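# Inside the fold
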Amino acid sequence: MTAEDERIDVSADGSPLVGRERELALIRASRERPDCTGVVIVGPAGVGKTRLAQAGIAAARADGASVEWAQATRSAATIPLAAFVGVLPPDVGTEDPLGLFRASTDAILARANGHPVVLGLDDADLLDPASAALALHMAMTRSAFVVATVRAGEPCPDAIVALWKDAGARRMDLAQLSEEETVALTEALVRGPVEHVAAHWAFAASAGNPLYLRELVAAALETAALRREEGLWRLHRRPAPGPALAELVSQRLEGLDAAGRDLIALLGLGEPLALDLLSRLTGSAPIAAAEARGLLVVRHEARGDVARLAHPLYGEVALAELSTTRAAALRMRLAAAVDPDPGEALRVTTWLRDAGAAVEPGLLLEAAAQAHRGGDPALASRLAAEAAADGGGDGATLALGMAQAALGRYAEAEVILASLEGSLASPEAALGYLYARVNGLVWGLGRGEEAERLVERAARWWPDAAWRRRLEGMRLMVLSATGRSREAGELADRLAADPELDPMVAPLVASGGAIAWLYAGSTRKAEAMAERALPPPPADERLADRALGGLVAWALVRLESGRDWDELEARVSRIERAAVEAGNRVTAGAAVALLGSLALYRGAPVTAARRLREAGAHLEANDPRGLAVIAAAELAQAEAMVGRVESAQRAREAARLRLGVRPAAWHERTKLARADAWIAAATGELARAAELCRNAAEAASDWPVFQAQLLREALSAGAGPRDVAGPLKAAASRCDSRLAAAYAAHATALAECDGDALLSAARELSAIGAKLAAAEAAAQAGAVQEAAGRLAAASRSAGLSARLQQECEGARTPALGATHPAAAQLTRREREIAEQAARGRSNQEIAAALTISVRTVESHLYHAMTKLGVASRDELGAAVGPVAARTGGR
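Residues numbered from 1 in each chain as written. Predicted model: local features only at pLDDT ≥ 70, side-chain atom pairs only at ≥ 80, totals over all residues. Heavy atoms only, no water.

Attention now goes to the overall build of the chain. Counting its regular elements, the chain contains 46 helices and 12 strands. Projected onto the principal axes, the alpha-carbon positions of the chain cover approximately 100 × 80 × 45 Å. A total of 890 residues make up the chain; the buried ones form 55% of that total. Contacts in the chain between residues at least 24 apart in sequence constitute 68% of all its contacts with a sequence separation of at least 6. A total of about 36300 Å² of accessible surface is found on the chain, and carbon and sulfur atoms cover 53% of it. Put simply, the chain has 99 plus and 112 minus side-chain charges, and the middle of one group is 4 Å from the middle of the other. (Helix = DSSP H or I, 4+ residues; strand = E, 2+ residues; numbered from the N terminus. Buried < 20%, exposed > 50% of the residue type's maximum accessible area, 1.4 Å probe, protein only. Contact = heavy atoms within 4.5 Å. Areas by Shrake-Rupley, 256 points an atom, 1.4 Å probe, with all protein chains shown as cover. Lys, Arg positive; Asp, Glu negative; His and termini not counted. Charge placed at Lys NZ, Arg CZ, Asp CG, Glu CD.)

As structure tokens, this is what we get:
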């Protein structure tokens, strides 16, 4: 059981009680008030009234109370005192109610043996009048504290109503769980984290009803729709409600006539539906009846009155109970009734296809375009393929190729799209075609030169100047994607200054220019361009395919420059949430990948790993921006930073597989080098880790932001500060990144053994949000200050480092390990060998890993153990500091 599981309250039957902490505390507080006689928990079916009451009773028992539990049922409601049959004295007849009340009370008090009595009444709205009167009597005479549950909207005995109206009991109206509470309960039920798609499904399908949620999760687990993969629960398909849940919901629909059931099924197929449209389909009487029973709600929205189901499961269950013929007829009625608006093309197409009806190619193409814009390229591909098979012509071929590109099937997309070259009817169609094809060539296939030649050929498709200006946006895209950052930035400046810049090209100029100037080192200029690349809130929540580049550009500028990380996290989190709710996995994948990168830069590897793993799930089949390789490489780094070496190696292999046969792009190489370096560090190969980072930094000299990051990683991996400080300072001088400047200040201060400057760098890094880097700088400041005899300053620096490390989720680095008091006196090679020995590796294994002789290993190990004052290899784990302890056994 994890620490998180241990924080969850548990009800009497052992099931998790989540989201009811405040209510549970209120029950306990009410018991302690002398003027309160009980608590009556009121709420709809399945909201968790019984579970909360049981938890309240269990808490009372733990506090020393004597508890009694009475369960009312509908079948026993006609039998006097049926609920109390277990406590009735055998010698008192029902003809003497007052004597019976007294005798029953005396019997309960006698059993309590002087302890306070707490009486639980489940489903008290079903109590017979005599039992309800006895409960009221015990409350009013202070013989017992009553905890009762009552179903909202049901008739209730007068005596139970009197409990909260006249007898001093507290009425507690229990609402459905919030989304956050629903997700917490879901994770408690499966005992692990769930991806955001699964979390959204859990809340949307259950509407926060705990009983429904438990049944939904049980059905999803039983059918393997919800599966655990690499520590994360993923939803592979939306599961149908299980038999138990279907029966529960079906009871709620009992009494509906055929028209009423059709109404619920129609809403299940198409909610929300305009009220006037629904009235035309079913008549007004079924709507009024369903609304009165709380099965649907009518709300006034900007487009008029619309009807929605009170709970989404009503529609699913009503549809499941229909015959195939009847369900198809309802779909056909819906499709015929909805206006032929292009915005409704996807819904109408879905109804017709599910009903087995033919769909004309024009409608299929419009539906494919809508699916593509909505972030479902897989559906767009299927619809476009159907349109092509039905004679959709070049338009269907183009839609199919663009959908394949969005799915990351770049080779297939290139074959399809290449067949259309030169045959497109208009510049507008050609521009979208070029965007998809160039995007696939540069991001997916690594064929930048071929993309350039394509743009050059395209200049001859139409002779006018306006078309050639449009193509400059495509050329910018090629330059930016292939790493010619300064050339791309200068082109972006010229295009942005053009008063006749085509609005269709402007987003490409803004996003491409922002990325170009970022990696060229002009992060301020990049920030200004990125603001134009991303639509302002709230329009940014509805990102279409082309705006996706704007999201990536806007976020990367802030991430890599070290500016406004809190704003970055808030905005991208909001976009990711909206994308998940809309089923747009393309945008959701990009957003959660960016959030994972941010967590990694902050020094929160556990959060980073969770987000990057989820990004990989999204990007598995929806990767139009080529982000999957980077997400897998960063996942490898995050896992290595907490010592999960095998998981890190699997993630690194996944990155290699995503590359396929193409070489890594310029921006991917830096991420892969960092992953390799951290895996090396986690296995004790510190010299190799530092060397990998330094070599990658040298190769990244054209991109100072990347170069600064790699050199900082080298420093963290244990590279000598004098070897790193100069190149890092030079890289920072070639860009205006706040983060690069902070990295350079850290390295320079460490090289100069300047404790105060190290502390200043730690505070600047912490202010940016780079907590792990800040923790390293603070720890190093403490070590330098201690060596100088400044013990008070050293203590303060060490305290700051400790506080920062608490936010780093267990991340350990060689740089932190080197500041450990015992390890600080070792040379780098001695520490490297000592850490490997602490993991249980033999001298021969260490020699092979480090490419040195066994005799050299023996010599260094002897000197290390002598300096550390340890007599055996078993003592090394504690002596060489936290890195070995953290990564041991991997």
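Here the focus is the packing of aromatic side chains. According to the stated counting rule, one finds 8 aromatic pairs in the structure shown. Measuring from centroid to centroid gives 5.5 Å for Tyr519 and Trp666, while their planes differ by 80°, and the two rings are edge-to-face. Residue Tyr519 is located in helix 25 (residues 506–520), and its partner Trp666 is located in helix 33 (residues 666–682); the two are separated by 147 residues in the primary sequence. Each member of the pair, Tyr519 as well as Trp666, is classed as buried. Joined through ring pairs, the aromatic side chains of Tyr433, Trp461, Trp462 and Trp467 make up one cluster. The ring of Trp517 has Lys525 lying over it, and the distance from NZ or CZ to the ring centre is 4.3 Å. (Phe/Tyr/Trp six-rings, centres within 6.5 Å; stacked < 30°, edge-to-face > 60°. Lys NZ or Arg CZ within 6 Å of the ring centre and 35° of its normal.)

Another point: helix 15 (residues 324–337). Spanning 14 residues, helix 15 covers 20 Å between terminal C-alpha atoms, matching the ideal 20 Å at 1.5 Å per step. All buried positions along helix 15 are accounted for by Ala327, Ala328, Leu330, Arg331, Leu334, Ala335 and Ala337. Those residues of helix 15 that are buried lie in contact with helix 11 (258–270), strand 10 (273–274), helix 12 (275–282) and helix 16 (345–354). (Expected span 1.5 Å × (residues − 1).)

What follows concerns the sheet that holds strand 12 (residues 304–309). The sheet built from 3 strands is open, its strands ordered 10-12-11 with antiparallel pairing. With partners counted over all chains shown, the strands left at the sheet margins are strand 10 and strand 11 (296–301), one partner each. Summarising the sheet, strand 11 and strand 12 pair through 6 bridges and their orientation is antiparallel. Across the sheet, Glu301 pairs through a bridge with Gly304, a residue of strand 12. (Pairing = 2+ DSSP bridges.)

Our focus in this paragraph is the side chain of Glu23. The topology assignment puts Glu23 in helix 2 (residues 21–31). Here Glu23 falls in the buried class, since its relative accessible area comes to 10%. Those residues in contact with Glu23 that lie beyond four places of it in its chain are Leu52, Met172 and Leu174.

So, on to the confidence of the model for the chain. Residues of the chain with pLDDT of at least 70 account for 93%, and the chain-wide mean is 87. Below a pLDDT of 50 lies the segment residues 1–14, which in the model reaches 21 contacts outside its immediate sequence neighbourhood of four places, other chains included. Low pLDDT, under 50, characterises residues 881–890; the stretch is placed with 25 contacts to residues that sit more than four places away or in other chains. (pLDDT = per-residue confidence, 0-100.)

We now examine the packing of helix 5 (residues 129–140) against helix 6 (residues 158–165). Contact geometry of helix 5 with helix 6 gives a least axis separation of 7 Å together with a crossing angle of 25°. Taken as axis vectors, helix 5 and helix 6 run roughly parallel relative to one another. Crossing handedness for the pair helix 5 and helix 6: left-handed. The segment helix 5 lies against helix 6, with Ala132, Ala133, Ala135, Leu136 and Ala139 engaging Ala159, Ile160, Ala162 and Leu163. Along the lines of polarity and charge, the residues of the contact of helix 5 with helix 6 split into 9 nonpolar, no polar and no charged. (Axes fitted to C-alpha atoms, helices over the stretch in contact; angles between N-to-C directions. Parallel < 35°, antiparallel > 145°, perpendicular 65-115°, else oblique. Left-handed = near helix turned anticlockwise from the far one by under 90°. Nonpolar A, V, L, I, M, F, W, Y, C, P; charged D, E, K, R; others polar.)

Here we come to the pairing of strand 3 (residues 38–43). Most of strand 3 sits inside the fold, with 6 of its 6 residues counted as buried. Side chains of strand 3 alternate between two faces, with Gly38, Val40 and Val42 and Val39, Ile41 and Gly43 buried alike. Note: strand 3 against strand 6 (residues 145–151), 6 bridges, orientation parallel. Residue Ile41 lies in a different strand from strand 6, and its bridge partner there is Thr149. Looking at chain direction, strand 3 and strand 7 (residues 170–173) are connected through 4 bridges and run parallel. In the sheet register, Val39 faces strand 7, and the bridge partner there is Arg170.

The subject of this paragraph is the environment of Gly168. Within the element layout of this structure, Gly168 appears in the loop between helix 6 and strand 7. C-alpha separation for the pair Gly168 and Asp35, spaced 133 residues apart in sequence, amounts to 6.7 Å. Apart from residues no more than four positions distant in its own chain, Gly168 is found in contact with Asp35, Cys36, Thr37, Gly38 and Leu163.

Attention shifts here to the packing of helix 25 against helix 26 (residues 523–533). Direction vectors running N to C along helix 25 and helix 26 enclose 160°, while the axes themselves pass 8 Å from each other. Here helix 26 runs roughly antiparallel to helix 25, going by the angle between their axes. The interaxial crossing formed by helix 25 with helix 26 has left-handed handedness. Contacts between helix 25 and helix 26 involve Val509, Ala510, Ser511, Gly513, Ala514, Trp517 and Leu518 from the first element and Thr523, Lys525, Ala526, Met529, Ala530, Arg532 and Ala533 from the second.

Hydrogen bonds between backbone atoms are what pair the strands of a sheet, whose relative direction is either parallel or antiparallel. In spatial order, the strands read 4-5-6-3-7; together these 5 strands make up an open sheet with parallel pairing. The open sheet terminates on both sides in strands that have one partner only, identified here as strand 4 (66–71) and strand 7. Strand-to-strand, the axes of this sheet are offset by a mean angle of 15°, without reference to chain direction. Those strands touched by helix 2 are strand 3, strand 5 (117–122), strand 6 and strand 7, and its axis lies near 175° from that of strand 7.

Moving on, we get to the nonpolar core. One finds Leu434, Trp461, Leu551, Trp565, Val572 and Leu765 to be the most contacted residues of the largest nonpolar core, which totals 160 residues. In terms of residue count, helix 29 (residues 585–602) provides more of this core than any other element does, 11 residues in total. Once residues lying within four places of it in the same chain are set aside, the contact partners of Leu434 are Asn439, Leu454, Ala458, Trp461, Trp467, Leu471 and Met474. In this structure, Leu253, Leu278, Ala345 and Leu379 belong to the second largest nonpolar core, which totals 71 residues. (Core = buried A, V, L, I, M, F, W, Y, C linked by side-chain atoms within 4.5 Å.)

With the rule as written, the count across this model stands at 51 salt bridges. The partner of Glu421 in a salt bridge is Arg457, and the shortest N-O contact between them spans 2.7 Å. Of this pair, Glu421 sits in the loop between helix 20 (410–418) and helix 21 (427–444) while Arg457 sits in helix 22 (residues 448–458), and the two are 36 residues apart along the sequence. When the shortest N-O distance is used, the salt bridge between Arg662 and Glu668 registers 2.8 Å. There is no split in this pair, since Arg662 and Glu668 are both buried. Overlapping salt bridges bring together Arg524, Glu527, Glu531, Arg558 and Arg563 as one network. (Salt bridge = Lys/Arg side-chain N within 4 Å of Asp/Glu carboxyl O.)

Position of Arg563 among the secondary structure elements: in the loop between helix 27 (545–561) and helix 28 (565–582). The buried category is assigned to Arg563, whose relative accessible area is 6%. When neighbours within four sequence positions are excluded, Arg563 is seen to be in contact with Thr523, Arg524, Glu527, Arg558, Asp736 and Arg738.

The next subject is the state of the cysteines. Counted under the stated rule, the structure contains 0 disulfides. You can see Cys693 has no disulfide; the closest cysteine sulfur is in Cys735, sitting 18 Å from it. (Disulfide = S-S within 2.5 Å.)

To continue, consider the environment of Val580. In this fold, Val580 is placed in helix 28. Taking the relative accessible area as the measure of exposure, Val580 reaches 10% and is therefore buried. C-alpha separation for the pair Val580 and Ala169, spaced 411 residues apart in sequence, amounts to 43 Å. Excluding residues within four positions of it along the chain, Val580 makes contact with His196, Val197, His200 and Ala588.

In this model, Glu271 is joined to Pro272 through a cis peptide bond whose omega is -5°. Structurally, the position occupied by Pro272 is in the loop between helix 11 and strand 10. Put simply, Pro537 and Pro538 share a cis peptide bond, and its omega is -5°. Here Glu809, not a glycine, exhibits a phi torsion of approximately 55°, which is positive. Using a relative accessible area of 29% as the deciding quantity, one classes Glu809 as partly exposed.

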